[in-house]
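Listed below are the residues making up each chain.
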Amino acid sequence: MFSTIVLALLVSFALYALKIYTQFARNLTAAKTSGIPYVIIPFYQVNRLYQLSQIFLVPIVRKLPASWTELWFDLTLEWAWARRYEPFKRLGTDTFITVSPERNELYTADAAVISQITGRKNDFPKALEVYESIKLYGNNVITSEGQLWRHHRKITSPPFSEKNNHLVWTETLEQCQAMVNDWFDGNTGKTESKTIYTLADDAMRLSLYVISRAGFGVHLQWPGTEGAHANGGVKNGEERKVSSPVTAQGHSMSYTDALGSLLHNILWVLILPPFLLKHLPFQKTKETHTAFIEWGKYMDEMFQQKKAAVLKGMEGDSMDLMTALVKGAGITKESLTGEKPLAQTLTDREILGNAFVFIVAAHETTANSIHFCLVLLAMNIAAQRHLQADLDEIFQGHPVSEAEYEKIIPKLFASMAGAVLNEELRLIAPVVGIPKSTLKESPQPLEIGGKTCTVPADCYISLITPAVHRNPNQWPTGPPANPDKPTHPLSNLDNDLEEFKPERWILDPDAKNTASMPEQEADTEASDLGVNTAADTSAALYRPPKGAYIPFSEGHRSCIGRRFAQVEILAVLALIFSQYSVELAVDAYVSDDEVDRMTDQAKFEVWSKARDEATRQMNEDMGAIITLQLRKGAIGIRFVKRGKERFDFNAI
């Protein structure tokens, strides 16, 4: 009996080994015949089991001689942010394949290759397996392809209009001013804020409040704002005002607490099914399960209220996302009166699924960009002064809130504000790898460096944003600011592409005064689907080669909320920097009294320590779960009234 079991195990192991060898041989043959440079690796990076085992495996492999592992091991890890353009330079190619027993994977930082892949949506569809985990509440526009995606896209696109962007602008200004007031403890006479270590969380709250208002018709008031209160919910399509800490009747968590907890602990939700979250004996997983259930209930209640309002014809002129989902799904007043049968074209779960991904996409990505814009400007004083000079010229001393949206947005988009936005997204794009693929049994031709190559069938493709955004073959470069102290220890040591230099986007400083918003390209299919084909950047600024700048992806699958995010970030920059300056906190090194007594040289030295530490954090403490953000610690900053700066080094 024992010998039979042993024999069965040996046979099973032999068959498994043969399967692995056969798969590897097939993948290697496909890579060799592709005409694309390749590297052999033993582990498929996207494999979940391998990702979970890295905590044990990586320390062991790191102890092996470097000559055994230096070519391939880092390519099996999450290397896109940590190494950026370095692997491409080391391998001498902007596109390469990794060959593993499980699957081939193509990486590219080549703008021309990226443009081909994003332009041929049927040949290179999304790698949908990557998005399985965000079907938490149902299928949606991000997790679908082909005709189903077209259906979702057409229904979800109407709210992302200029009319709604105007609402984004006004809501952002209101919420941003409340956030600033909170930083100054409500004392508008103070010249300096407290040291803020919660900037990332505050930006998340700000962005959540904006998407809640513009996307769902829910007006959330900043904690401590006078007059904040809570109603039962959205009635007859009307806006409701709620104070975030209040828990609605029938709930055990408030709307914002539920969503905040869900997003903060999203990794647990992605890894574990709900029944495990609920029953594991850990407070964190139980809290996450409660947040998952509670936020789903809030969304379902909002959906039912919107549905009732639409069926009664009482939604008014509201065109927020939830109303668009309800009406686009075929739920109309005529359905209730019997004039035409109810033919719901999106299921209830699909409606909730779309609501969830738009909250995540519009909330988390925009919040991260606001956070990093402010930090990068605190680290780069000369750029901050340039931004303030442009804002002074644009607003002419008038409050930002009094500006006409239609006139001011093109100017901001074409000014240093637009350049700061573009440069932050160049350096810290929300997603480090945009996933595409080839279909099984469907290899695809691709022009690479003037040569026709073949991408193997069933090949996972990753468009590496940190690398293409720093590719010296695609971007103009200058010398590094300090060759002895590079911004990044590995990538682009001989040029300035790792550095925050928004001035690289400015072509004509006066062009902002006559600028208009980018016009859409003629594309009937894109127009029918609500795809905005206008350029990501103003025509008055530098335009990178097509495919070289992809913070919102590119092509028909580009980000539906791109203008929404841009308007929100520009509003934050305009309001804050027209009134204030942002400075790195130096509390870890000296007291405020000591700063007051310092010479300019001593101030520069202590500020430089803070900048070096912030640079280290942004190199080493960043990570991506859904989006790229600071995963460990915080970068302390302060806001001061303009003219009251403690650190003002114009030469930096």
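Counting from 1, residues in each chain are numbered in the order their sequence is written. For a predicted model such as this one, the threshold for reporting local features is a pLDDT of at least 70, and the threshold for listing and counting side-chain atom pairs is 80 or more; totals across whole chains, interfaces and linings nevertheless cover every residue. By convention in this description, side-chain values take in all heavy atoms of the structure and omit both hydrogens and water.

### Here's the deal with the nonpolar core
Keep this limit in mind: Here the nonpolar core consists of buried residues drawn from Ala, Val, Leu, Ile, Met, Phe, Trp, Tyr and Cys, with membership extended through side-chain atoms lying within 4.5 Å. Each residue's exposure class comes from its accessible area (1.4 Å probe, protein chains only) as a fraction of the maximum for that residue type: buried when under 20%, exposed when over 50%, partly exposed otherwise. In this description, contact between two residues means that some pair of their heavy atoms is separated by no more than 4.5 Å.
Ranked by internal contacts, the top residues of the largest apolar core, which has 181 residues, are Trp169, Phe216, Trp295, Leu412 and Ile576. The residues touching Trp169, leaving out its near neighbours within four places in the chain, are Val400, Ala403, Tyr405, Ile408, Ile409, Leu412, Val567, Leu570 and Ala571.

### Some words on the UniProt feature "binding site: heme" (unreviewed entry) in the protein chain
Filter applied, for reference: UniProt positions are given in the numbering used here, feature names are shortened, and annotations may be inferred rather than shown by experiment. For the purposes of this entry, the term helix denotes a DSSP run of H or I that reaches at least four residues, the term strand denotes a run of E that reaches at least two, and both are numbered from the N terminus.
Using the residue numbers shown here, the UniProt feature "binding site: heme" (unreviewed entry) corresponds to Cys559. Position of Cys559 among the secondary structure elements: in the loop between helix H21 (524-529) and helix H22 (562-579). The exposure class assigned to Cys559 is partly exposed, which follows from its relative accessible area of 33%.

### What about the sheet that holds strand S3 (residues 104-108)?
The following threshold applies: Two strands are counted as paired when DSSP detects at least two bridges linking them. Note on geometry: axes are lines fitted to C-alpha atoms, helical ones only across the stretch in contact, with angles between N-to-C directions running from 0 to 180 degrees.
The strand order across the open sheet built from five strands is S1-S2-S3-S9-S6, with neighbouring strands paired in mixed fashion. Two strands bound the open sheet, and with one partner strand each, they are strand S1 (38-40) and strand S6 (433-437). With strand direction ignored, the average angle separating the axes of adjacent strands in the sheet is 25°. Against the sheet, helix H6 (residues 111-119) engages strand S2 (95-99), S3, S6 and strand S9 (460-464), with an angle of about 125° to S9.

### With respect to the packing of helix H16 (residues 348-379) against helix H17 (residues 381-395)
Spelled out, the test is: Under this scheme an angle from 65 to 115 degrees is roughly perpendicular, one under 35 degrees roughly parallel, and one over 145 degrees roughly antiparallel; angles in between are oblique. Residues are grouped as follows: Ala, Val, Leu, Ile, Met, Phe, Trp, Tyr, Cys and Pro are nonpolar; Asp, Glu, Lys and Arg are charged; all remaining types, including Gly, are polar.
Packing of H16 against H17 leaves a shortest axis separation of 5 Å and a crossing angle of 110°. By the angle between their axes, H16 is roughly perpendicular relative to H17. Along the contact surface, H16 presents Leu377, Ala378 and Met379, while H17 presents Ile381, Ala383, Gln384 and Leu387. Looking at the contact of H16 with H17 residue by residue, the classes come out as six nonpolar, one polar and no charged.

### Observations regarding empty space enclosed by the protein
Here is the rule: Cavities and pockets were defined on a 1 Å grid built from protein atoms only: a cavity is a group of points that admits a 1.4 Å probe but offers it no way out, a pocket is an open group of points flanked by protein on both sides within 12 Å along at least five of seven lines, and a lining residue is one with an atom within 4 Å of any such point. Grid points are joined across faces, edges and corners, and a volume is the space filled by probe spheres set on the points.
Enumeration according to the criterion identifies two cavities of 30 Å³ or more in this entry. The space that makes up the second largest cavity amounts to roughly 30 Å³. Pro159, Phe160, Asn164, Ile211, Ala214, Gly215, Leu321 and Phe564 are the residues that line the second largest cavity. Ranked by residue count, the leading element in the lining of the second largest cavity is helix H9 (residues 199-216), at three residues. Here the lining of the second largest cavity is composed, by residue class, of six nonpolar, two polar and no charged.

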